[in-house]
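Architecture at a glance
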Amino acid sequence: MFTGFSRRHFAKLAGFSALGMAATPAKSEDGEAKPVADRHAASFPTGFVWGTATSAYQIEGAVDEDGRGRSIWDTFAHTPGKIGDHSNADRANDHYHRYKEDVRLIKELGAKAYRFSIAWPRVFPEGTGAANPKGLDFYDRLLDELLKNGIEPFATLYHWDLPQPLQDKVGGWRSSETSKAFAIYAGYVAERLSDRIKNIFTINEAGRFVNFGYGWGIDAPGLKLPQAELNQVHHNVALAHGLAVQAIRAKGRAGTKIGVAENIAACVPAIDTPENIRAAEIATRELNAGFLNVILEGKYTDGFLAYAGKAAPKYTAEELKIISSPNDFVGLNIYAPQFYIVAADRAPGFSVLPFPASFPHMNSEWLRIGPETAYWVPRIAAKIWNIDTIYISENGTSSADKIAADGNVYDLDRIMFLRNYLTQLQRATSEGVPVRGYFLWSLMDNFEWIFGFEKRFGLYHVDFKTQRRIPKLSVSFYRDVIARNAIGA
């Protein structure tokens, strides 16, 4: 039986673990949109990177073509009762065959960057051993098409599609052997593709795939491990990141930039008094102690270790050194405020307020509306971890998108969401918070994991029977933001 589950639940396991369309941009002689002067517009910094994002399993399809191996999501999606609409991603958006069409969508959007993921089982069907040249050939073709269209590629090496043989042979992320295998894969990809990929995200959303997949059994591979084993899985994933950073630096071209993308436990001061702001900083560090903090500080916090007790992960000093290999940037996936924080007199120095039942949310019930998250989360992260380059590696919303009688999709709620979040993000950049770019999730509707095709996060509507892509109204909105490098009045 399918059980609905949400991103906000992951932190329970961790323990401590936008409407009125702006004026149409002017066109140059070649028809390209160009920025329009607007004294009311709230501008982003010069050179700000505007992009969009997808992931391999959610869009590629072609799961049995050109030597691709099986992933844990192939297995999971074909297990009865695991996916809400009983679908799978065997075909998904058929991006494997339609990538040129999809690159055109990015160009028409005006986005200058595209964050996509490389499917590990396409490159190494067994997870280790012999590489599959045909698998890498697809990404060669995709990269060439992106660059031909003036779009900068940002690659993610792991967006949840672990090769099934690693799960079968060593228990997947339960074993540090998977961490080592990931590093070999990362080095191989960097050696062959970093002539064109200058920015690489290692791992996407450990906070989701570890807790949901290995703790709650909601995501692939569907395990429910005790807390001690779950904490060790987190550690192995952090170790994989560190090993991959080292492998990419050893095998990739000089100047390749590396970072991680995490759905950070988003802590927001309930009221922005100095005391509550400081409490939100403490909470951010402690509630992200099991992954992001150990990567950025090279140690587990005392609070995390005390809370975990006998369930704390086992590790060596050398592993912590590897885990904390320097990053060039940090990607933050920002959707909803997960914790509203107030100061507390007793340890740990903060309290989490309960959400009232009436708190507003988007089409996805877990996606509570909190635009201020886009201000506070990067501001706090930059301060407590001394980060000098942040990308908002995901932000967006599902919507109850319907094709109107005139053939258009008027996703006014998505535009409202984006306008308000981007306004708060611009507030952050105007105050010097080092956010260098933003990737809107998602380029197009796709296979939304346990929800199948029921939840639509895309800027482009997809008819999954005909594979027709239709621009939603939000395409016009985002194209205008990009052209102006600003949020209009």
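Structural notes, computed from the coordinates. (Residues numbered from 1 in each chain as written. Predicted model: local features only at pLDDT ≥ 70, side-chain atom pairs only at ≥ 80, totals over all residues. Heavy atoms only, no water.)

1. A look at the packing of helix α16 (residues 412-430) against helix α17 (residues 473-484)
- Between α16 and α17, the least distance of the axes is 8 Å, while the angle of their chain directions is 25°. The orientation of α16 with respect to α17, classified from their angle, is roughly parallel. The two elements α16 and α17 cross, and the hand of that crossing is right-handed. Side by side, α16 and α17 meet where L412, R414, I415, L418, R419 and L422 of the first sit next to L473, S474, F477 and V481 of the second.
- Across the contact of α16 with α17, the residue classes break down as 7 nonpolar, 1 polar and 2 charged. (Axes fitted to C-alpha atoms, helices over the stretch in contact; angles between N-to-C directions. Helix = DSSP H or I, 4+ residues; strand = E, 2+ residues; numbered from the N terminus. Parallel < 35°, antiparallel > 145°, perpendicular 65-115°, else oblique. Left-handed = near helix turned anticlockwise from the far one by under 90°. Contact = heavy atoms within 4.5 Å. Nonpolar A, V, L, I, M, F, W, Y, C, P; charged D, E, K, R; others polar.)

2. Regarding the sheet that holds strand β11 (residues 390-395)
- Ordered by their spatial adjacency, 8 strands build a closed barrel running β2-β3-β4-β5-β6-β8-β11-β12, and the pairing between neighbours is parallel. Across the sheet, the mean angle separating the axes of adjacent strands is 25° when strand polarity is ignored.
- Lying on the sheet, helix α8 (residues 176-193) is in contact with β4 (152-158) and β5 (199-204); it crosses β4 at an angle near 160°. (Pairing = 2+ DSSP bridges.)

3. Points about α16
- If you check α16, its first and last C-alpha atoms are 27 Å apart, about what 19 residues at 1.5 Å a residue would give, namely 27 Å.
- For α16, the full list of buried residues reads R414, I415, F417, L418, R419, Y421, L422, Q424, L425, Q426, A428 and T429.
- Following α16 by one or two positions, G432 adopts a phi angle in the positive range, close to 90°. (Expected span 1.5 Å × (residues − 1). Buried < 20%, exposed > 50% of the residue type's maximum accessible area, 1.4 Å probe, protein only.)

4. Considerations on the environment of F182
- Mapped onto the elements of the fold, F182 is located in helix α8.
- Accessibility expressed as a relative area gives 0% for F182, which makes it buried.
- For the pair formed by F182 and T429, sequence separation is 247 residues and the distance between their alpha carbons is 34 Å.
- If sequence neighbours within four positions are ignored, F182 has contacts with W120, L157, Y158, W173, T202, I203, A240 and A244.

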